[in-house]
Amino acid sequence: MLIETVQLSTYYAKNILAFFIFLCYSFFEVNFMENASVIAIVNALKELYPDGVCSLQYKKDYELLFAVRLSAQCTDERVNMITPALFERFPTLESFAEADVEEVGEYIHSCGFFRAKSRDMVLCAQMLLSEYDGKVPGTMEDLLRLPGVGRKTANLILGDVHNTPGVVVADTHCIRISGRMGLTDGTKDPAKVEQQLRKVLPPEESNNFCHRLVLHGRAVCTARKAKCGECVCAPWCKYANTEFKA
């Protein structure tokens, strides 16, 4: 009786161990496939859009900071139409700091919320000069102290100006497409999207990857319709292999 009990216990133990090993193997295999798919998507977009750069036009670091502020609730195309005259009228950070807010507003009127944006730019210029020696700071903490700067703006500056690895700019295109592809769980919360993409994207690729998502979101994976039949990422995309096929 004792021998049979021991044999039975050994049998169950072996099966439990085997099941545990199977679960571990499956877990790591799935993660491997997910990582491989992420790299494939990164490379496919890199090949399609070799120049993964911000579409906002600027020559100086602070000009990008201001252009991003102007882009809130406004298209990049419109911002690029506004900024040449704005930066010609106020060619230095000092001139922005000394500018009349109402005059700045006249130059940016067509981009919406011009009163708040013009005030933020003038105050931001003053703060950059008084506290940062006229330079755009390179940490999230310092950037978030600047008037009108949120996490999306701060991440873009960290990536494009300071070349900080691991940066994720969670704009509307990034949120929509990363959710469709399965790179995130589909959340619309920018902070959660940023956190989830940081975990799966190679740090050295993340900033340019987000710029490429913007380009892809305008050309192929639009808000109105995902053109999966034309998409280079379709083989690895969750949406293309489920919703689109259905």
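Just above, that's the structure.
Residues numbered from 1 in each chain as written. Predicted model: local features only at pLDDT ≥ 70, side-chain atom pairs only at ≥ 80, totals over all residues. Heavy atoms only, no water.

What follows is about the overall build of the protein chain. When its secondary structure is counted, the protein chain shows 11 helices and zero strands. Across the protein chain, helices and strands are ordered from the amino to the carboxyl terminus as α-α-α-α-α-α-α-α-α-α-α. Looking at the 246 residues of the protein chain, the share that counts as buried comes to 44%. Put simply, 58% of the contacts in the protein chain that link residues at least 6 apart link residues at least 24 apart. Surface summary for the protein chain: the accessible area is close to 14100 Å², and the carbon and sulfur share equals 57%. (Helix = DSSP H or I, 4+ residues; strand = E, 2+ residues; numbered from the N terminus. Buried < 20%, exposed > 50% of the residue type's maximum accessible area, 1.4 Å probe, protein only. Contact = heavy atoms within 4.5 Å. Areas by Shrake-Rupley, 256 points an atom, 1.4 Å probe, with all protein chains shown as cover.)

Attention now goes to unusual backbone geometry. Positive phi values are uncommon outside glycine, yet F113 reaches one of about 50°. Here F113 lies in the loop between α5 (101–107) and α6 (114–131). The exposed category is assigned to F113, whose relative accessible area is 59%. Positioned with a positive phi, D133 is a non-glycine residue whose angle comes to about 55°. As for its placement among the helices and strands, D133 is situated in the loop between α6 and α7 (140–143).

In this structure, the largest pocket encloses a volume near 580 Å³. Those elements giving two or more residues to the lining of the largest pocket turn out to be α8 (151–160), α9 (172–181), α10 (190–200) and α11 (206–219). Per-element accounting of the lining of the largest pocket gives the leading share, five residues, to α11. Here the second largest pocket is characterised by a volume of approximately 250 Å³. Contributing to the lining of the second largest pocket are 14 residues, with E34, V38, G182, L183 and V200 lying nearest its centre. Among the secondary structure elements, those contributing two or more residues to the lining of the second largest pocket are α1 (2–48) and α10. The leading source of residues in the lining of the second largest pocket is α1, at six residues. (1 Å grid on protein atoms, 1.4 Å probe; cavity = no way out; pocket = protein on both sides within 12 Å on 5 of 7 lines; lining within 4 Å. Points joined across faces, edges and corners; volume = space filled by probe spheres on them.)

With that settled, consider the environment of E194. Note that E194 resides in helix α10. Taking the C-alpha atoms as reference, E194 lies 9.8 Å from G166; in sequence the two are 28 residues apart.

Taking 1.5 Å per residue, 18 residues should reach 26 Å; α6 reaches 25 Å between its end C-alpha atoms and fits that length. Buried residues along α6 sit in contact with α2 (61–70), α3 (76–89), α4 (93–97) and α5. One or two residues past the end of α6 sits D133, with phi positive at roughly 55°. (Expected span 1.5 Å × (residues − 1).)

The next thing to look at is the packing of aromatic side chains. Scanning the model with the defined rule gives six aromatic pairs in all. Ring geometry for Y62 and F96: centres 6.3 Å apart, planes at 75°, overall edge-to-face. Taken together, the residues Y62 in helix α2 and F96 in helix α4 connect sequence positions 34 residues apart. Per residue, the accessibility class of Y62 equals that of F96, and both read buried. Ring centres of F87 and F96 lie 6.2 Å apart, and the angle between their planes is 70°; this geometry places the pair in the edge-to-face category. (Phe/Tyr/Trp six-rings, centres within 6.5 Å; stacked < 30°, edge-to-face > 60°.)

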